[in-house]
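So the chains spell out like this:
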Amino acid sequence: YDGFLDWSTAHSGGAAEMNFTSQLKWNMGTLFGTQSPIYIGVEYVYWNNKYGIKGVDERNPNLMIKWHL
């Protein structure tokens, strides 16, 4: 499990915003014997007032493949 929370206060140019993104992933690189991890999993994005624009919200699930070299 991995993720982050990013929050900023309101300012003269925009509204307060919050972005919470979480990832549930599994290292499938162990199946192939790779030294660097190859993750597969799901991600969920929960973003209020995207880019400080009041009322622009994002909610979406994503499939992910992530490879670290």
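Cut-offs used in this document
- Residues numbered from 1 in each chain as written.
- Predicted model: local features only at pLDDT ≥ 70, side-chain atom pairs only at ≥ 80, totals over all residues.
- Heavy atoms only, no water.
- Pairing = 2+ DSSP bridges.
- Helix = DSSP H or I, 4+ residues; strand = E, 2+ residues; numbered from the N terminus.
- Axes fitted to C-alpha atoms, helices over the stretch in contact; angles between N-to-C directions.
- Salt bridge = Lys/Arg side-chain N within 4 Å of Asp/Glu carboxyl O.

A. Representation of the sheet that holds strand E1 (residues 2-8). Pairing is antiparallel across the open sheet formed by four strands, whose spatial order is E1-E2-E3-E4. With one partner strand each, in any of the chains shown, E1 and strand E4 (58-67) form the two edges of the open sheet. Mean inter-strand twist for the sheet, computed between neighbouring axes without regard to direction, equals 15°. As judged from the 10 bridges shared by strand E2 (residues 17-27) and strand E3 (residues 38-48), these two strands associate in the antiparallel manner. Note that in E3 the partner of Ser22 across the bridge is Tyr44.

B. Representation of the pairing of E2. Relative to E2, E1 is paired through seven bridges, and the arrangement is antiparallel. If you follow Asp6 over to E2, its bridge partner there is Asn19.

C. Here's a closer look at the pattern of salt bridges. For the structure on display, the rule yields two salt bridges. Salt-bridge contacts for Lys25 lead to Asp2; the nearest nitrogen and oxygen are separated by 3.1 Å. Taken as a pair, Lys25 in strand E2 and Asp2 in strand E1 lie far apart in primary sequence, 23 residues in all. A salt bridge links Lys50 to Glu58; the nearest nitrogen and oxygen atoms lie 2.5 Å apart.

D. Representation of unusual backbone geometry within the structure. One non-glycine residue, Asn49, lies in the positive phi region at around 50°. With respect to the helices and strands, Asn49 occurs in the loop between E3 and E4. Of note, the phi angle at Tyr51 is positive, near 60°, even though the residue is not glycine. Summarising the element assignment, Tyr51 is placed in the loop between E3 and E4.

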